[in-house]
Amino acid sequence: MSIRLGDEAPNFTATTTDGEIDFHQWKADSWAVLYSHPADFTPVCTTELGRTAALGDEFAKRNVKPIVLSVDSVEDHHKWAPDIGEVGGTDLNFPIIADPDRKVAELYDMIHPGEGDTSTVRSVFVIDPANKVRLTLTYPKSVGRNFDEILRVIDALQATDAAPIATPVDWRPGDRVIVSPALSTEDAKTKLDNVEEVKPYLRWADQPS
Ligand code: BEZ
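Report on the accompanying structure.

What counts, and at which threshold
- Residues numbered from 1 in each chain as written.
- Predicted model: local features only at pLDDT ≥ 70, side-chain atom pairs only at ≥ 80, totals over all residues.
- Heavy atoms only, no water.
- Helix = DSSP H or I, 4+ residues; strand = E, 2+ residues; numbered from the N terminus.
- Buried < 20%, exposed > 50% of the residue type's maximum accessible area, 1.4 Å probe, protein only.
- Contact = heavy atoms within 4.5 Å.
- Areas by Shrake-Rupley, 256 points an atom, 1.4 Å probe, with all protein chains shown as cover.
- Lys, Arg positive; Asp, Glu negative; His and termini not counted.
- Charge placed at Lys NZ, Arg CZ, Asp CG, Glu CD.
- Core = buried A, V, L, I, M, F, W, Y, C linked by side-chain atoms within 4.5 Å.
- Phe/Tyr/Trp six-rings, centres within 6.5 Å; stacked < 30°, edge-to-face > 60°.
- Lys NZ or Arg CZ within 6 Å of the ring centre and 35° of its normal.

**Focus: the overall build of the protein**
And step 1. Across its full length, the protein holds seven helices and 11 strands.
And step 2. With respect to the principal axes defined by its C-alpha atoms, the protein has extents near 60 × 35 × 30 Å.
And step 3. Every one of the 209 residues in the protein was classed for burial, and the buried ones make up 46%.
And step 4. Restricting to contacts in the protein with at least 6 residues of sequence separation, those with at least 24 account for 64%.
And step 5. Accessible surface, the protein as shown: approximately 10200 Å² in total, 50% of it carbon and sulfur.
And step 6. One finds the centroid of the 21 positive side-chain charges in the protein at a distance of 6 Å from the centroid of its 35 negative side-chain charges.

This is the structure:
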């Protein structure tokens, strides 16, 4: 069954490059980005995992723990790790799940048979501290993900959780935000700065600090 926004992220136990984990215990009350890739020792995947390692401080700043799944063995993951460090410029600093029996891949619907073989596509799940799925993205095997976009959405989710706002098209942190439709303009002016009504249903405000 597919996983929808707002669902609880299914729990699992798995062998990873950091040892055996229970996903919910490992994640605890952090955010997590769980993503899959087709196979070890493949070029696009090596660039993606290298970038994930290089973004370690950016994820930590946002209280996000990245974790990656490949259906290959943990022995292969350990052999591949130096290449990831070399390509990304940072040693591997997050766990890679070994899923040779495809238990986790099937739980998260990461295998899309129409995309070719039985390896996983490039699925992304952003999961919040309460274990709710907050973003899903699915990329084909031949197209690497944009990690600036993944960080941008996490910034937007954290901003919209903290204040009665939404974020407009192409929003970047620091840009003006949209007042939540649930709030009257009068109430918005007491809670947010520089509220401007462009339409009765479209009100802008400064991003709360
Ligand atoms: C890659 O990671 O380079 C890759 C994997 C499967 C299909 C195409 C590219």
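**Some words on the nonpolar core**
And step 1. Among the nonpolar cores identified, the biggest contains 23 residues, and Val33, Tyr35, Leu49, Phe59 and Val126 are the most heavily contacted of them.
And step 2. Those elements giving two or more residues to this core turn out to be β3 (31-36), α2 (43-54), β4 (64-70), α4 (74-88), β6 (122-127) and α6 (147-162).
And step 3. Element by element, the count of residues in this core is highest for α6, at six residues.
And step 4. Not counting the four nearest positions on each side in its chain, valine 33 is found in contact with Phe59, Val64, Lys65, Pro66, Ile67, Val124, Phe125, Val126, Ile150 and Ile154.
And step 5. Within the second largest apolar cluster, 21 residues are counted, among which are Ile3, Ala9, Ala14 and Ile127.

**Considerations on the packing of aromatic side chains**
A ring pair, where both rings are aromatic, is described by two values, the distance of the centres and the angle of the planes.
And step 1. Counted according to the given criterion, the structure contains six aromatic pairs.
And step 2. Their ring planes at 70 degrees and their centres at 5.0 Å tell us that tyrosine 108 and phenylalanine 125 sit as a pair that is edge-to-face. One end of the pair, tyrosine 108, is in the loop between α5 (103-107) and β6; the other, phenylalanine 125, is in strand β6, and 17 residues separate them in sequence. For the pair tyrosine 108 and phenylalanine 125, a shared accessibility class is recorded, and that class is buried.
And step 3. Through successive ring pairs, a cluster of aromatic residues spans Phe12, Phe23, Trp26, Tyr108 and Phe125.
And step 4. Above the plane of the ring of tryptophan 26 lies lysine 65, whose end atom (NZ or CZ) is 4.6 Å from the centre.

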